Amino acid sequence: MITDQKRLNIGVLGCGPISQYGHFEACRRARNARLYAICDVAEDLLRRMAEIHQPAQTFNDYDKMLADPDVDAVIIGIADQFHVEAALKAIEAGKHVLVEKPLGVTVEECEELLRRAEHSGSVVQVGNMKRFDPGIAYAKQFMDQEMGELLAVKAWYCDSTYRYTVTENVQPMVQLSPNALRPEGNPKLDKLRYFMLTHGSHLVDTARFLGGEMVSVTAWNTQKFDAYNWFVTVQYASGAIGHLDLTVAVRMDWHEGFQIYGEHGSILGKTYNPWLFKSSDVEVFSARDGCYHRPLGEDAHFFKLQVEGFADTILDQAPMKGANLEDGVAAMRAMAAIARSVESKETVRLADVTGGV
């Protein structure tokens, strides 16, 4: 039950980098939410984060946080391999859930979460925070209201060799603990899988958000000088076609954006490293008035805007602006299909794919 009709009490699971970089501050800044609790099995890290962020409660046991009646919702900011299990526990406890992307690591576990959440009464949102980039949101609005029939979507997400030089100056100095809970092995060693789940999940969701449902993909992967590149041709349900470029890492600045061609206009977008909290530069040409339009996007704290949208859906029954469970499953299917296409060198339908990346 919501304890404060104006603010949502949120418990954050995980005190690792993503929570330190994004979720703790987002809850503290949000107009309609409160960082009520934080939880981590690493008690040393939990204490340090509590000193900085001053939640009302701290827990080193997730079940105990879920048992607190004052926790309205949880943000799951832990390793990808633990997302689905933690989300299912929260739903069973009657909590709303904002789960980091990717939703899971296999198609089957994501679909199981979708099935079990369907009649639970819990709001479940996936943490694809780029949907809250004001520039990307403006592009989507133009497409929905004015652009007409879609012809083609090109989108790219290219991490940079210099990204840490940039981000280490703007992110908080991350605190780590040897007692943190980690998946078995080291998932980062399998770079094909790790890069697709970590970076490809952003690219695929943006391409789906703007282009709509994907029917099939044909993908290629090239690896040279410790760089990985995927080129992907996409067939959309609308009949539009797409091209995706995922590269980790380019020998240049952060390079992310999109080009969209439609019946009554076109869109060009340049997206910045997310930790700069800067809106995408988006230029829309409208054939209606023969003019280019560019939004400012002055408030671009994507993580804060994501929490506010999540809370609006719960507190005021506002339409969900973020990615829902169906989006999370579809993104997992797209990533798995890209992996199968690279392996088989054939076109793969998303509806036929199983397994993970």
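Just so we're clear, the structure is a prediction, and the values are computed from it rather than from any experiment.

Peer 1: Explain helix α4 (residues 83-92) to me, using residue names and the numbers behind them.
Peer 2: An α-helix turns once every 3.6 residues. As a result, residues three or four positions apart point the same way. Buried residues dominate α4, accounting for 7 of its 10 residues. When α4 is considered as a whole, its buried residues turn out to be H83, V84, A86, A87, L88, A90 and I91. In the core, the buried residues of α4 are packed alongside β1 (8-13), α3 (62-67), β4 (73-76), β5 (96-100), α5 (107-117) and β6 (124-127). Looking at the residues trailing α4, positive phi occurs at G94, about 80°.

Peer 1: Run through a nonpolar patch on the surface, naming residues and quoting values.
Peer 2: On the surface, a cluster of nonpolar side chains totalling about 210 Å² of accessible area is made up of V166, V170 and L276. With respect to the secondary-structure elements, V170 resides in the loop between α7 (163-167) and α8 (191-211). You can call V170 partly exposed: its relative accessible area is 44%.

Peer 1: Quick rundown of the sheet that holds strand β12 (residues 265-271)? Include the residues and the values.
Peer 2: Taken together, 9 strands build an open sheet; the order of strands is β14-β13-β12-β11-β7-β10-β9-β8-β15 and the sheet is mixed. Strand pairing shows two members of the sheet lacking a second neighbour, β14 (291-293) and β15 (348-349), which therefore form its edges. Where α8 meets the sheet, it contacts β7 (150-160), β8 (214-224), β9 (227-236), β10 (241-250) and β11 (255-262), and its direction lies at approximately 145° from that of β10. Packing against the sheet, helix α10 (residues 325-344) makes contact with β8, β9 and β15, and its axis sits at approximately 55° to β8.

Reading the values: the criteria
- Residues numbered from 1 in each chain as written.
- Predicted model: local features only at pLDDT ≥ 70, side-chain atom pairs only at ≥ 80, totals over all residues.
- Heavy atoms only, no water.
- Buried < 20%, exposed > 50% of the residue type's maximum accessible area, 1.4 Å probe, protein only.
- Helix = DSSP H or I, 4+ residues; strand = E, 2+ residues; numbered from the N terminus.
- Contact = heavy atoms within 4.5 Å.
- Patch = residues over 30% accessible without salt bridge, like charges linked within 9 Å, V, L, I, M, F, W, Y side chains within 5 Å.
- Areas by Shrake-Rupley, 256 points an atom, 1.4 Å probe, with all protein chains shown as cover.
- Salt bridge = Lys/Arg side-chain N within 4 Å of Asp/Glu carboxyl O.
- Pairing = 2+ DSSP bridges.
- Axes fitted to C-alpha atoms, helices over the stretch in contact; angles between N-to-C directions.

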